[in-house]
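# Summary of the model geometry
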Amino acid sequence: MRVRTLSLTLLAAAALAACSPEQALTGPGRSPAAPDANHVGANCVNFGIPPLGSTFGPPTPPGTTVWVENGIPVSVNTFLQSTGAWSYGVLTTELAPASFTLAAGKTGHTNNINTGYDFTGLGFAVTFVKFHARQIGGYDNLSVNGSPIFVGPLPTHPAALGGVAIASAWVGIPGGVQGTVTLTGSAATPITKLLVGGQELWLDTICAYP
């Protein structure tokens, strides 16, 4: 019995080691393009349009669309501090940090600024959104469908905003955490807009699904 238990333990450890970080967080066989059998055919923002090293923020007015990627306008917006004050920092397109193993290529690094994603022009009702995040301290903002802004570390997000359910999964990395955040709406309550940013928050692969 002890030999069998040890064998099962070793097999489980080997299987876990074989999983990619994406699989460890979201389940075997899932990826940004197909998070599960019920959600396929995504339009994604991969920060692929702006050149590497692009910065967005002042003097561009808050609320300005700074590029459109796969039918999704991306805007820069003011950031709500935990003190109640507003700031308007900078969004930078950077290569994925080494510890951000869920990302590939360019990412968006938000520093006291919010990024906005408008899904209303995609030609379908968005019922599921998934994005990757890397959080290194400080506070973040999150709003869905124009809801009041949640202020706090992104991993402590509420269960729902704007009538849309929110879930996430995180793993520890040096200095912080990384993971995936999912928003689940419905035909009756589609996901029309997402606002997210942080003091030291990296974002990648913001995908909207029917």
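All of these numbers come straight from a predicted model, not from anything done at the bench. Numbering of residues starts from 1 in every chain and runs along the sequence as written. Whole-chain, interface and lining totals are the exception, using all residues; otherwise, since this is a predicted model, local features are given only for residues with pLDDT of at least 70 and side-chain atom pairs are given and counted only at 80 or more. Computation of side-chain values: all heavy atoms of the structure, hydrogens and water removed.

### Focus on unusual backbone geometry
In this structure, proline 59 follows proline 58 across a cis peptide bond, with omega equal to 10°. Note on conventions: DSSP H or I runs of at least 4 residues are helices, E runs of at least 2 residues are strands, and numbering of each starts at the N terminus. Position of proline 59 relative to the elements: it lies in the loop between β2 (55-56) and β3 (64-69). Non-glycine residue asparagine 70 carries a positive phi angle of around 55°. Burial status follows relative accessibility: with a 1.4 Å probe on protein chains alone, a residue under 20% of its type maximum counts as buried, one over 50% as exposed, and anything between as partly exposed. Under the relative-accessibility criterion, asparagine 70 is labelled partly exposed at 46%.

### Some points on the environment of alanine 103
Within the secondary structure, alanine 103 sits in the loop between β7 (90-95) and β8 (106-111). On a C-alpha basis, the gap between alanine 103 and aspartate 204 in space is 6.1 Å, while along the polypeptide they are 101 residues apart. Excluding anything up to four places from it in sequence, alanine 103 contacts Ala96 and Asp204. In this analysis, two residues are considered to be in contact whenever any of their non-hydrogen atoms come within 4.5 Å of each other.

### Quick look at the sheet that holds strand β12 (residues 150-152)
Strand order in the open sheet formed by six strands is β3-β4-β9-β16-β11-β12, with antiparallel pairing between adjacent strands. Each edge of the open sheet is held by one strand with a lone partner, namely β3 and β12. Each neighbouring strand pair of the sheet contributes to a mean axis angle of 20°, computed without reference to strand direction. In short, DSSP must find at least two bridges between two strands for them to pair. In this sheet, β12 lies alongside strand β11 (residues 140-144) in antiparallel orientation, the contact comprising three bridges. Across the sheet, aspartate 140 pairs through a bridge with glycine 152, a residue of β12. Only the contacting stretch of a helix is used when fitting its axis, a line to C-alpha atoms as for every element, and angles between N-to-C directions run 0 to 180 degrees.

### Overview of the pairing of β3
As paired elements, β3 and strand β4 (residues 72-77) share five bridges and run antiparallel to each other. Counterpart to tryptophan 67 in the pairing with β4 is valine 74.

### Focus on the nonpolar core
If you look at the biggest cluster of nonpolar residues, it comprises 33 residues, and the most contacted ones within it are Tyr117, Phe119, Leu194 and Ile206. When residues of this core are traced back to their parent elements, those giving at least two are β4, β9 (113-118), β10 (128-135), β11, β14 (164-173), β15 (176-184), β16 (193-198) and β17 (201-209). If you tally residues by element for this core, the top one is β17, at four residues. Contact partners of leucine 194, with chain neighbours within four places excluded, come to Thr115, Gly116, Tyr117, Phe119, Val129, Phe131, Leu142, Ser143, Val144, Leu183 and Ile206. Among buried residues, the Ala, Val, Leu, Ile, Met, Phe, Trp, Tyr and Cys ones that are joined through side-chain atoms within 4.5 Å form a nonpolar core.

Worth remembering: the numbers are spatial, not functional.
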